[in-house]
Each structure stands twice: as C-alpha cells, then as structure tokens.
Amino acid sequence: MVGLSTGLLAAAAVALSPTVPALIPLAVEVVLIAFRLGLHVEKTAENVESSHKPKGASWSYVVPGRTEAEAQAALDSFHNEKVTAEILCQG
C-alpha cells in the first residue's frame, strides 16, 4: 500500500455499511485488519532495514535524479526478479 493509509479501510467499512448499526461489526474487523497490517509492515521494515541503522529509523530512501516512472520501473523489475521467483520456489 505504497503512499496509502489504513484510513482507506475505515472508508471502505463506512461505504459498505447500509446503516450505522451495520457499521459496528465491520468497524471491529477493520481495526483487526489494520492492526495485522501494521504488524506486517513493522516486520517487513525490520527485514528491510540495514543493520547499521538505529532501530526505529526511517527505512525509506530518497533517490535523487530519478523520475517517479523510473523509480516504479526499478521497483517492478526488482519485484519480478526477486519476489516472484521466491514465491514460485516456495510453492
């Protein structure tokens, strides 16, 4: 969910609820999903972080001199070469 927030989960719950009472069970599920998503992001961040960075430091990077399209192409290439191959090997 690059650049997006878990607020989209809450928005979806509200949009899908025909009445306020129907929102309550969806709201509970959305909170659980958001919590699980946060835990997943935290674990992913720990895996991505360099060992020389202090715990809690930002794990995002700025790459000057590149357009958004170039950065997205590089990410797509990495995903296709590394992540997809790992998933196929595990299956």
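Computed from a predicted model, the values in this text were never measured in an experiment. (Residues numbered from 1 in each chain as written. Predicted model: local features only at pLDDT ≥ 70, side-chain atom pairs only at ≥ 80, totals over all residues. Heavy atoms only, no water.)

Enquirer: Could you give me a rundown of the overall build of the chain, with the residues and numbers involved?
Expert: When you go through the chain residue by residue, the secondary structure sums to 3 helices and 0 strands. Put simply, the chain runs from its N terminus to its C terminus through helices and strands in the order α-α-α. Burial analysis of the chain (91 residues in total) assigns 5% to the buried set. When the accessible surface of the chain is totalled, it reaches about 7700 Å², and 67% of it is carbon and sulfur. (Helix = DSSP H or I, 4+ residues; strand = E, 2+ residues; numbered from the N terminus. Buried < 20%, exposed > 50% of the residue type's maximum accessible area, 1.4 Å probe, protein only. Areas by Shrake-Rupley, 256 points an atom, 1.4 Å probe, with all protein chains shown as cover.)

Enquirer: Describe the confidence of the model for the chain, with residues and values.
Expert: Averaged over all residues, the pLDDT of the chain is 79; the fraction at 70 or higher stands at 73%. Across the chain, the element-wise mean pLDDT spans from 77 in helix α3 (residues 68-90) up to 88 in helix α1 (residues 7-16). (pLDDT = per-residue confidence, 0-100.)

Enquirer: How would you summarise the environment of A45 if you had to cite specific residues and measurements?
Expert: Topologically, A45 is positioned in helix α2 (residues 20-48). Sequence separation of A45 and S60 is 15 residues, and the distance between their C-alpha atoms is 9.2 Å.

Enquirer: Got a sec to walk through the side chain of S17? Specific residues and values, please.
Expert: On the secondary structure map, S17 appears in the loop between α1 and α2. A relative accessible area of 14% means that S17 is categorised as buried. The residues contacting S17, other than those within four sequence positions of it, are A22, L23 and L26. (Contact = heavy atoms within 4.5 Å.)

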